[in-house]
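# What the coordinates show
One-letter residues, chain by chain:
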Amino acid sequence: MTEIDPLRLIDPQCYAEYGYPHEAWTQLRRETPVRFFEPPGWPSFWAITKHADIVEISKQPDVFLNGPGMTLVRERPDDLDRQAQQQIRTVINMDPPEHRAYRKIASAYFSPRALQSLDSLVSETATKLVDGLGAQGECDFITEIASQHPLKIIARILGVPESDEPFILRLTNELFGSEDAEFQRSEDRMEGMREMFTEFWSYFTRVMQERRSSPQDDLASVFANARVEGEPMGDLETMGFCLIAFTAGHETTRGAIGGGFRALIERPEESKRWAREPDLTPSAADEIIRFVTPVNHMVRTANRDYELRGEKIRQGDRLVLFYASANRDEEVFEAPSELLLDRRPNPHLAFGVGEHFCMGAHLARKTSGAIFRELTSRLESVELAGTPERVASNLVPGFKHLPIRYRFAPSR
Amino acid sequence: MKIIVDTDLCEANAVCMGICPEVFRVEEDDTLTILLQEVPENLRSQIEQAVRLCPRQALRSEN
C-alpha cells in the first residue's frame, strides 16, 4: 500500500505538471474511498472518490451545503480567494430553498428544447473556425479552436458583441488560472486579483445598465431584469449570474474540447470511426465529457454529523467530490480508462447530479459535439507539434496549449 | 408501481423520456407528464433506470 500524498489531489502545480491523479484515485477507490486528509497549507478535507458516494451526498443538499465554499482553495495570509468566493453570490454557492428560486431565473433557457434554436449557429460557428485553420499547417488547438468555439456560442446567447470576446477570454483565464503564472496579470497576486474584479465589475455593471434601459432578446437582459419573489434581483446575485455564464460557461467546455481532441489524436481509429458514423455524435460527445471530466471537483460542507461507508463525517467537515474519479469508477463503468464512443448508458457525473446539476450540460454537449463532428469529418491527419501544457488549477485543469500539425479536407 | 415527480426539481432534461417514452413525456412547455398512473411490470427495469439516471434526481418510484 503506497501512501497517498494529498497534495497530488489538490495542488494546482501538480495538475499542471502531471495531469489528473488517476493512479492515486484508483488506489483510494480500492482501499479508502472516503478518506480524511490534512495537507499542510490547505484546509483539511474528506476525499470522496466513489460514484455512489458522490450521488448520495449530492442528493442531500440540506445536509451537504454549498454555501460555505464551492472549491478547495489554499490557506493564504491574504485570504483573498475565500473573500472573493463570498463577495459574489452565485447559484453554485447557494443552498435550497434560496437556490431553487434563483436557479429558475436561468434554467428554462438551457433545456434541450430551448436550445434547439441554436443548432445552426453552433454548427456554422464550428465550420467557420475549422475553415479558419486552412488546409494544412500548425496551430495551438486550444487558443484557435477549443477556447473559441464555446466562447463564441456563449457570447451570442448572452448578447455580447464579438469585439468583446477577447476581453472575456482574458478575464476567464485570469479567474481560472489565478494559480498559473502565465495568466497572472501582476507580480503581486492580490493586486492582480483586485484589478481583475474591478474590471469585471465595471464591465458587467455597464452591460446590465444597458439591458435595463433597452432590453434585448438575450440572456444578459434576463439577468438584468430578473425578479426574485417579486423584487428585482440584487447586484451581488446579478453579478454572480454574469460571472458563471460568461466564464464557467465556456472555460469548462474548452477543457472538454481540448482534452477530448488530445484523446482522439492518440486514438486515430476512434477519430475515423466518428467520421464514418456521425450519428455517434451525442454518445461520443458525452463520452468525451466523461473521459475528460473538465470540472475536477466541487466542495460540500456537512451541516450535521453523517456516517458514510462507516466513516464518521463531523458537522463542519469539508468534503471534496472528485468527479473525475467517480467517472472512472470500476463498479459503474466497464473499461473505465477507455474512450468508448458508443458508451450507453453513460451515467457519468461530469455535470454533477441533483440540486446543482450543471445548467449548461446540454449546451456543453451540443457545443463540443458540433466541433468534434466538424473536426473528425474533415481531418486527414493530425499529430502533436510540441508539448501540451495544462493550466495550474485543481478545478478546471484542462490544456492551455496543445500544439498540433494538421491537414484538413475542405468544408462539405 | 407508481412514479412520483418532484416538479420543483424537474428541469425537462428529458433523460427519462429517452429511456421510457411509454411513461414519460416532456411537453412543449417543458413540464413532465406521467402517461401511466400504474406502470406495468414489464417496464420496471426501464423505470428504475430512468429514476437512477435523472440528472436532477427528481423521480421516485413506489410499489
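Quick look at the overall build of chain B now. Assigned secondary structure in chain B consists of 2 helices and 4 strands. For chain B, whose C-alpha radius of gyration is 10 Å, the value lies close to the compact-globule estimate of 11 Å for 63 residues. Taking the principal axes of its C-alpha atoms as reference, chain B extends roughly 30 × 20 × 15 Å. Classification of the 63 residues of chain B by burial places 41% in the buried group. A fraction of 55% describes how many contacts in chain B between residues 6 or more apart in sequence connect residues 24 or more apart.

So, about the overall build of chain A. In terms of helices and strands, chain A carries 18 helices and 14 strands. Here the C-alpha atoms of chain A give a radius of gyration of 21 Å, agreeing with the 22 Å that 2.2 N^0.38 yields for 412 residues. Dimensions of chain A, computed from the C-alpha atoms along their principal axes, are close to 60 × 60 × 45 Å. In chain A, buried positions account for 59% of the 412 residues. Considering only contacts in chain A between residues 6 or more positions apart, those separated by 24 or more positions represent 71%. For chain A, the exposed surface amounts to about 17200 Å²; the carbon and sulfur share of it is 49%.

Within a beta sheet, neighbouring strands are joined by backbone hydrogen bonds and run either parallel or antiparallel to one another. Residues and elements named next belong to chain A. Pairing is antiparallel across the open sheet formed by 3 strands, whose spatial order is β4-β14-β11. Only two strands of the sheet have a single partner each, and these edge strands are β4 (136-140) and β11 (379-384). Sheet twist, expressed as the mean angle between neighbouring strand axes with direction ignored, is 25°. Across 5 bridges, the pairing between β4 and strand β14 (residues 403-408) is antiparallel. From the neighbouring strand, G137 faces β14, where its bridge partner is Y406. Its contacts with the sheet place helix α18 (residues 361-378) against β11 and β14, and it is angled at close to 105° to β11.

All names here are of chain A. Two elements in contact, helix α8 (residues 119-131) and helix α10 (residues 148-158), have axes whose closest approach is 10 Å; the angle formed by their N-to-C orientations is 140°. Our classification of the angle between α8 and α10 gives oblique. For the crossing formed where α8 meets α10, the hand is right-handed. Here L121, V122, T125, A126 and L129 of α8 come into contact with α10, specifically with Q148, H149, K152, I153 and R156. Partitioned by chemical class, the residues of the contact of α8 with α10 number 5 nonpolar, 3 polar and 2 charged.

Relative to β14 of chain A, β11 of chain A is paired through 5 bridges, and the arrangement is antiparallel. The partner of S381 of chain A across the bridge, within β14 of chain A, is R407 of chain A.

All names here are of chain A. By the element assignment, I54 lies in helix α4 (residues 51-58). On the basis of relative accessible area, I54 is assigned to the buried category, the value being 0%. As a C-alpha pair, I54 and F408 span 354 residues in sequence and 41 Å in three-dimensional space.

Let us look at the pattern of salt bridges. Residues and elements named next belong to chain A. All told, the structure shown has 50 salt bridges over all chains when counted by the stated rule. A salt bridge links R29 to E330, with the shortest nitrogen-to-oxygen separation between them at 2.9 Å. Of this pair, R29 sits in helix α3 (residues 22-31) while E330 sits in the loop between α17 (323-326) and α18, and the two are 301 residues apart along the sequence. Salt-bridge contacts for R262 lead to E266; the nearest nitrogen and oxygen are separated by 3.1 Å. Classification of R262 by relative accessible area gives partly exposed; the value is 22%. A relative accessible area of 48% places E266 in the partly exposed class. Through salt bridges with shared partners, a single network forms among D11, R74, R76 and E179.

The next point concerns unusual backbone geometry. Residues and elements named next belong to chain A. Looking along the chain, the bond that leaves P96 and enters P97 is cis, with omega of 5°. Note that P97 resides in the loop between α5 (80-87) and α6 (98-107). Residue P345 is bonded to the preceding R344 through a cis peptide linkage, with omega at -10°. Of note, P345 is situated in the loop between α17 and α18. At T293, a residue that is not glycine, the phi angle is positive and equals roughly 45°. With respect to the element layout, T293 can be found in the loop between α16 (281-292) and β7 (297-302). By relative accessible area, which is 1% here, T293 ends up buried. Positive phi values are uncommon outside glycine, yet A335 reaches one of about 45°. Following the sequence through the fold, A335 ends up in the loop between α17 and α18. Exposure remark for A335: the relative accessible area of 32% places this residue in the partly exposed category.

At the junction of the two partners, chain A supplies 17 residues and chain B supplies 15 residues. Summed over both sides, the interface between chain A and chain B buries roughly 1300 Å², with carbon and sulfur atoms accounting for 45% of that surface. Taken as a group, R100, R113 and F357 of chain A account for 38% of the area that chain A buries against chain B, more than any other trio of residues on that side. Where chain A meets chain B, there are 5 salt bridges. On inspection of chain A and its partner chain B, the count reaches 13 residue pairs in polar contact (both at pLDDT 80 or more). For the side of chain A that touches chain B, the secondary-structure elements that each account for two or more residues are α6 and α7 (112-115) of chain A. If you tally residues by element for the side of chain A that touches chain B, the top one is α6 of chain A, at 4 residues.

Cut-offs applied
Residues numbered from 1 in each chain as written. Chains lettered and ligands numbered in written order. Predicted model: local features only at pLDDT ≥ 70, side-chain atom pairs only at ≥ 80, totals over all residues. Heavy atoms only, no water. Helix = DSSP H or I, 4+ residues; strand = E, 2+ residues; numbered from the N terminus. Rg over C-alpha atoms; globule rule 2.2 N^0.38 Å. Buried < 20%, exposed > 50% of the residue type's maximum accessible area, 1.4 Å probe, protein only. Contact = heavy atoms within 4.5 Å. Areas by Shrake-Rupley, 256 points an atom, 1.4 Å probe, with all protein chains shown as cover. Pairing = 2+ DSSP bridges. Axes fitted to C-alpha atoms, helices over the stretch in contact; angles between N-to-C directions. Parallel < 35°, antiparallel > 145°, perpendicular 65-115°, else oblique. Left-handed = near helix turned anticlockwise from the far one by under 90°. Nonpolar A, V, L, I, M, F, W, Y, C, P; charged D, E, K, R; others polar. Salt bridge = Lys/Arg side-chain N within 4 Å of Asp/Glu carboxyl O. Buried area = accessible area lost by both parts, 1.4 Å probe. Polar contact = N/O pair within 3.5 Å; in protein donor to acceptor, adjacent residues only side chain to side chain.

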